[in-house]
Structure formats: structure tokens, C-alpha cells
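# An overview of the molecular structure
If you want the building blocks of each chain, they are given just below.
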Amino acid sequence: MKRTERLHALSEMLRRNGSRGCSAERLAREFEVSVRTVKRDLAALESSGAPLWSRPGPGGGYGMAVGASLPPVSLSPAQAVALMAAVSAASDAPYADLAAAGVQKILDVLDPRTRGRADDLASRVWVNTPPSSSRAIRSALEEAMAEQRVLRLRYTSGDGTTTARDVEPVLFASTNGQWYLVGWCRLRDAMRWFMLSRIERASVTKTACGGHTIHEVGEPPANARPVHDRG
């Protein structure tokens, strides 16, 4: 990892940890550098205007002032292309359109030299993805998940049976190259997995969900994790 990228990742880690802070030793392990290098990086961040604090003694460490705004850190061309590749390769994922719009905002504020190098590198990364599901269907699923409202679905199962279902959305899950809506099916009175590509129609009702949680879905596979978890 280049130093510029490490400084950005370091500031983000400190910001996420908030008032808990992190020891220099933990930061060194996280970024696979020496404690001395971490302390130099922290000094560089502080010199750039980052609102760092330090707490000496046992249980002490370094942190970022809660609610503080960070000084801008430019993405490298490789980081910009990594975002473009991830979004392009997951065009059928929930919130993919919003992700693409977010990446475009980032690209628009890159300096011309970095943007040019990123565009050149991006031309060397190709993706071949299947056609995405209906934008209208995905919008309904995304809205219902965010607002926790009951969905009314027209769904065709693997054996060709088509049913109408009222479903309380609990989570989106990706496995074996397919995206699923996992939710409490009021027709079956049980948790069910609905393959997004088999949902023929979806609309958001005004009915609030009943409070079913992700813990009711069951134990996830060992290699499954939320998208916010770095693993």
C-alpha cells in the first residue's frame, strides 16, 4: 500500500473508532508496518490539519475528534479504478445505481492528471455482466428495505409456480453469483429467500414491517459478512 493510500485508510480507521481510539501497535499490525512508521504517519496527518488526539499510558492510543471533518485526500488512479470495477461488475446489486452515481461524483472532483491516469487504467479492465433485473423492481425493493415497509411481490419459483406474496424485507444477500431478497413471507408465515431475477413485480405498501430481524434468518456461512465489515 502506498503511503498516500495508507494515510487515507489510517484516518478513516481512526474516525470509525471514535472515542475508543487505537494503539500505535494495533495500527501497525493493521497496516503491516512498524510502530515507528505509524507514528510518522500520524504526525503527517496532524500536520495536514487532521484533528487527532493522543492518550498516554495503559489503554491509551490515538484517535480522531468525533464529528470532525477530514482534510480532503485524493484517490490514487488505482483506487478510482477499483471503485469503477466493483460497481460495474455488480450492476444487479441493490443500490447499484446509487453506487455508480457516487463513483461518478468522486471521479468528477479528481484532479485532471489523476482522472486521466484513472481513465487510461480503466480502459484495461473489462467486465461482462448479465442483464440486470428491472430498475422498477429494484427501486421498490430498495425503498422497502430502507423504509422497512411490506412488499407485495409477484414471484415465480424454480418449479414455475407463480404466487403473490406480502413480504417483510430483512436483508439482501449475494451467494453463488445470485442476489436474493430475504424476508418474512406472510403467505408462508416463515423466513424465505427470493431470487431477485424471479421477482416479476414488486410494489411498496404503506404497511410497516413487524420487526423481524436478521438473527431470524439463521447462521450465515463462515465466509459471509456485511458489506461494511472489512473482514
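What counts, and at which threshold
- Residues numbered from 1 in each chain as written.
- Predicted model: local features only at pLDDT ≥ 70, side-chain atom pairs only at ≥ 80, totals over all residues.
- Heavy atoms only, no water.
- pLDDT = per-residue confidence, 0-100.
- Helix = DSSP H or I, 4+ residues; strand = E, 2+ residues; numbered from the N terminus.
- Phe/Tyr/Trp six-rings, centres within 6.5 Å; stacked < 30°, edge-to-face > 60°.
- Buried < 20%, exposed > 50% of the residue type's maximum accessible area, 1.4 Å probe, protein only.
- Polar contact = N/O pair within 3.5 Å; in protein donor to acceptor, adjacent residues only side chain to side chain.
- Contact = heavy atoms within 4.5 Å.
- Core = buried A, V, L, I, M, F, W, Y, C linked by side-chain atoms within 4.5 Å.

Moving on, we get to the confidence of the model for the protein. Looking at the protein as a whole, the pLDDT averages 87, with 92% of positions reaching at least 70. Averaged over each element, pLDDT in the protein is lowest for helix α1 (residues 3–17) (80) and highest for strand β3 (residues 149–156) (97).

Another aspect to go through is the packing of aromatic side chains. One pass over the structure, following the stated rule, counts three aromatic pairs. Ring plane angle 80° and centroid distance 6.1 Å describe the contact between Tyr 95 and Phe 172, whose orientation is recorded as edge-to-face. Taken together, the residues span a long stretch of sequence, with Tyr 95 in the loop between α4 (77–89) and α5 (96–108) and Phe 172 in strand β4 (residues 162–175) at a distance of 77 residues. The class of Tyr 95 is partly exposed, set by a relative accessible area of 30%. Both rings, one in Tyr 155 and one in Phe 194, keep their centres 5.0 Å apart while their planes meet at 85°; by these two values the pair is edge-to-face. With Tyr 155 in strand β3 and Phe 194 in strand β6 (residues 190–195), this pair connects stretches of sequence that are 39 residues apart. Judged by relative accessible area, which is 6%, Tyr 155 ranks as buried.

Tracing the backbone shows Thr 205 in strand β7 (residues 199–208). For Thr 205, a relative accessible area of 15% puts it in the buried group. A distance of 2.8 Å separates the side chain of Thr 205 from the backbone oxygen of Val 150, its partner in a polar contact. At 3.2 Å, the side chain of Thr 205 and the backbone nitrogen of Thr 207 are in polar contact.

It is worth spelling out the side chain of Glu 142 at this point. With respect to the element layout, Glu 142 can be found in helix α7 (residues 135–147). Take Glu 142: its relative accessible area is 9%, and that puts it in the buried class. Only 2.8 Å separates the side chain of Glu 142 from the backbone nitrogen of Tyr 95, close enough to count as a polar contact. Apart from residues no more than four positions distant in its own chain, Glu 142 is found in contact with Pro 94, Tyr 95, Ala 96, Arg 135 and Phe 172.

Let us look at the nonpolar core. With 18 residues, the main nonpolar core has Leu 141, Leu 151, Leu 153, Leu 181, Phe 194, Ile 199 and Ala 202 as its most contacted residues. Examining the composition of this core, we find that five residues originate from one element, α7, more than from any other. Sequence-distant contacts of Ile 199, defined by excluding residues within four places in its chain, comprise Ile 137, Leu 141, Leu 153, Arg 154, Tyr 155 and Phe 194. Residues Met 13, Leu 14, Cys 22 and Leu 27 belong to the second largest nonpolar core, which totals 16 residues.

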